[in-house]
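Summary of the model geometry
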Amino acid sequence: MTAQQLKNSILQMAVQGKLVPQDPGDEPASVLLQRIKAEKQELIKVGKIKKDKKSSEIFRGATHNLPYAFCEQIGKEIRDISDEIPFEIPDSWEWVRLGMIGETNIGLTYRPADKTISGGTLVLRSSNIQNDRMDYSDTVYVSCEIPERAMIHKGDILICARNGSRALVGKCAIVDKDGMAFGAFMAKYSSPFNQYIKLFIDSPSFRQQLDGVKTETINQITQDVLKNQLCPLPPVNEQIRIVEMFYRLLPYIERYGKAEEHLTALNTTFPEALKKSILQEAVQGKLVPQNPDDEPASVLLERIKAEKQELIKQRKIKKNKSESVIVTRDKIPYEIIDGKERCIADEVPFEIPDSWCWCRWGTISESIQYGYNAPAKENGRIKMVRISDIQDNKVLWDTVPFCDIDEESIETYLLKQNDILFARTGGTVGKSYLVKEVPKDAIYAGYLIRTRYSNNLSPEYLKFFMESELYWIQLRNGTIATAQPNCNGKTLANMLVPIPPLAEQKRIVAKIEEIMPMIERLTLR
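What counts and how
Residues numbered from 1 in each chain as written. Predicted model: local features only at pLDDT ≥ 70, side-chain atom pairs only at ≥ 80, totals over all residues. Heavy atoms only, no water. Helix = DSSP H or I, 4+ residues; strand = E, 2+ residues; numbered from the N terminus. Rg over C-alpha atoms; globule rule 2.2 N^0.38 Å. Buried < 20%, exposed > 50% of the residue type's maximum accessible area, 1.4 Å probe, protein only. Contact = heavy atoms within 4.5 Å. Lys, Arg positive; Asp, Glu negative; His and termini not counted. Charge placed at Lys NZ, Arg CZ, Asp CG, Glu CD. Pairing = 2+ DSSP bridges. Axes fitted to C-alpha atoms, helices over the stretch in contact; angles between N-to-C directions. Parallel < 35°, antiparallel > 145°, perpendicular 65-115°, else oblique. Left-handed = near helix turned anticlockwise from the far one by under 90°. Salt bridge = Lys/Arg side-chain N within 4 Å of Asp/Glu carboxyl O. Core = buried A, V, L, I, M, F, W, Y, C linked by side-chain atoms within 4.5 Å. Phe/Tyr/Trp six-rings, centres within 6.5 Å; stacked < 30°, edge-to-face > 60°. Lys NZ or Arg CZ within 6 Å of the ring centre and 35° of its normal.

Turning our attention to the overall build of the protein. Along the protein, the regular secondary structure elements total 14 helices and 30 strands. Against the 2.2 N^0.38 benchmark of 24 Å for 525 residues, the protein shows a C-alpha radius of gyration of 37 Å, more extended than a compact globule. Considering the protein as a whole, with its 525 residues, one finds that 43% of them fall into the buried category. The contacts in the protein between residues at least 6 apart in sequence include a share of 72% that link residues at least 24 apart. The protein carries 71 positive and 71 negative side-chain charges, and their two centres are separated by 3 Å.

Attention now goes to the pairing of strand 22 (residues 382-385). Here strand 22 shows no split at all, with Ile382 and Met384 on one side and Lys383 and Val385 on the other all buried. Two elements, strand 22 and strand 25 (residues 402-403), share 2 bridges in a ladder whose sense is antiparallel. Residue Lys383 lies in a different strand from strand 25, and its bridge partner there is Phe402. Bridge analysis of strand 22 against strand 28 (residues 442-444) gives 3 bridges, and the strand direction is parallel. Bridge pairing in strand 28 places Val385 opposite Tyr444.

With their axes 9 Å apart at the nearest point, helix 1 (residues 3-15) and helix 4 (residues 194-202) run at an angle of 125° to one another. Relative to helix 4, the element helix 1 lies oblique. Seen from above, helix 1 lies across helix 4 with left-handed handedness. Contacts between helix 1 and helix 4 involve Asn8, Leu11 and Val15 from the first element and Tyr196, Leu199, Phe200 and Asp202 from the second.

Positioned with a positive phi, Asn131 is a non-glycine residue whose angle comes to about 55°. In this fold, Asn131 is placed in the loop between strand 8 (129-130) and strand 9 (133-134). Take Asn131: its relative accessible area is 64%, and that puts it in the exposed class. Not every positive phi belongs to a glycine, and Asp330 is a case in point at roughly 55°.

Let's shift gears to the pattern of salt bridges. Across all of its chains, the model carries 32 salt bridges by this definition. Linking Glu57 and Lys37 is a salt bridge whose minimum nitrogen-to-oxygen distance equals 3.2 Å. With Glu57 in strand 1 (residues 56-60) and Lys37 in helix 2 (residues 29-45), the pair connects residues that are 20 residues apart, well separated along the chain. For Glu57, a relative accessible area of 28% puts it in the partly exposed group. Here Arg386 and Asp389 are joined by a salt bridge, their closest N and O atoms 2.9 Å apart. By relative accessible area, which is 28% here, Arg386 ends up partly exposed.

Quick look at the sheet that holds strand 15 (residues 186-190) now. One open sheet holds the 4 strands; their spatial order is 5-15-12-13, and the pairing between them is antiparallel. Looking at which strands have only one partner, the edges of the open sheet turn out to be strand 5 (103-106) and strand 13 (172-174). Across the sheet, the mean angle separating the axes of adjacent strands is 20° when strand polarity is ignored. By the bridge criterion, 4 bridges tie strand 12 (residues 157-160) to strand 15 in an arrangement that is antiparallel. Note on strand 15: the bridge partner recorded for Ile157 is Tyr189. Those strands touched by helix 4 are strand 12, strand 13 and strand 15, and its axis lies near 165° from that of strand 13.

The next subject is helix 4. Summarising burial for helix 4: 8 of the 9 residues are buried, a large majority. Taken residue by residue, helix 4 has Asn194, Tyr196, Ile197, Lys198, Leu199, Phe200, Ile201 and Asp202 as its buried positions.

Here we come to the pairing of strand 12. Burial along strand 12 is two-sided: the face carrying Ile157 and Ile159 and the face carrying Leu158 and Cys160 are both buried. Of the pairings in the sheet, the one linking strand 12 to strand 13 comprises 3 bridges and is antiparallel in character. Bridged to Ile159 within strand 13 is Cys172.

Ranked by internal contacts, the top residues of the largest apolar core, which has 49 residues, are Trp361, Phe465 and Ile512. Among the elements that take part in this core, helix 14 (residues 502-524) stands out by supplying 6 residues, more than any other. Aside from chain neighbours lying at most four places away, what touches Phe465 is Val283, Trp361, Leu470, Tyr471, Gln474, Met495, Leu496, Val497 and Pro498. With 48 residues, the next largest nonpolar core counts Ile10, Trp93, Cys172 and Leu250 among its residues.

Attention now moves to helix 5 (residues 204-211). Regarding helix 5, the residues found buried are Pro204, Ser205, Phe206 and Leu210. In this structure, the buried residues of helix 5 make contact with helix 1, helix 3 (98-101), helix 4 and helix 6 (223-227).

Turning to the packing of aromatic side chains, a few remarks are in order. With the rule as written, the count across this model stands at 10 aromatic pairs. Centroid distance Trp93 to Tyr196: 6.4 Å. Interplanar angle 85°. Geometry classified as edge-to-face. Placement of the pair is Trp93 in the loop between strand 3 (77-80) and strand 4 (94-97) and Tyr196 in helix 4, with a sequence separation of 103 residues. Here Trp93 matches Tyr196 in class, with each residue buried. For the ring pair Phe465 and Tyr471, a centre distance of 5.9 Å and an interplane angle of 75° mean the geometry is edge-to-face. Neither residue differs from the other here; Phe465 and Tyr471 are each classed as buried. Each member of the aromatic cluster is reached from another via a ring pair, and the members are Trp361, Phe465, Tyr471 and Trp472. The ring of Tyr136 carries Lys177 above its face, with NZ or CZ at 4.2 Å from the centroid.

None of the figures reported here should be taken as evidence of function without further support.
Here it is as structure tokens:
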């Protein structure tokens, strides 16, 4: 249950007579209504108010020997309203229309020219109601003449009667100052029972009635709609007890809400933080134990080096003149490029196990190839994967377009299993995708980079590296900050990658794949 649901539940209990016990010593609401009726008749008699031809009286049918559970009398007409009564109330309570026990008015319409910087009358608007309370941080003053009906007084209820957002219609607060007006999109309600009526307007019962009203403009409460709202009215003394009990409970509701916000934030951030932590543990050699029987990564890298030299000899790939070898002596890393050695201790972010090695991505890759630029087509022989076609680590093959490409260029850009695609520009810069299957011949678009590497490496391990914080830090350092942030193949080739023995790479992947579904379940809760 959310804090709002808890609050709504308490408000609903309040207006159904279930929040505080009834006291048989309380004067019943029926007596109160008779007194209000007599007072109105006296005011009509002395000419202070006009007779309301639509004034209604609701009563239980049984008290008048009528077959209906609830009846409403307007003038001489009596009608059955049993189907309008939403729930039972205590015997000491009565159903009323809000117009029977209070007055409502519409607000002031003013011209932009009426606004004044200083002086004048403050005009309350929807923005002056924040968290069920009055807020005067956003104020407007006018210098025009204001009719009495548009003035609001301390103790009145200010209601948002019209708004672009349906959810904001009906929000209200009790005014705590005199001498102010209220705007045309607002309404005021005045009665001796406003503390209780405020809780009723906040309750699900009021909202349900409001949602059931059909108006030409859906996001509004008209004067007639407000006056005709059915309200369960308790005895005055019980109203006081209800209000006191609600505000006694309110700090607990608010405390619950803060705990809920904290828990929601935790549920949102904790799984992602946990995922990052696991990936960082993985690339630091702390996720699974090392096995002394594993072939060291140094031997693996020598084998990859020999493979690349053979591919260069066969002219399948080009020689990388800046390719490096990283060695460690006395736990200090040195990089050798073209026979020249330099210390890179300031670049290496952490220690790795003895069986691991540091290397540059360019050392383990056979190629880092930019994509192909061509207009997208609905039909053709070759599909062209774009950044937008990769969602949630999957290629949406059904929506991937086709393109025209020369036959001799296809092999250069053709996607193969275990290729890694890398977004080099825009909002997704740095995002990567491991190609697991290619159901149709496909190439990749110009804003992507493809990296291809030795079969002696685990594709999944490299992909997890490209999700780790170590990868993202290096990417940010190499990203060119422009209106459209972009990164190039040189940045990727220069990235430091911690390489475990192949057997350990596979154990790391198996452990991550075991853990990640558990984290996903945490996210969905």
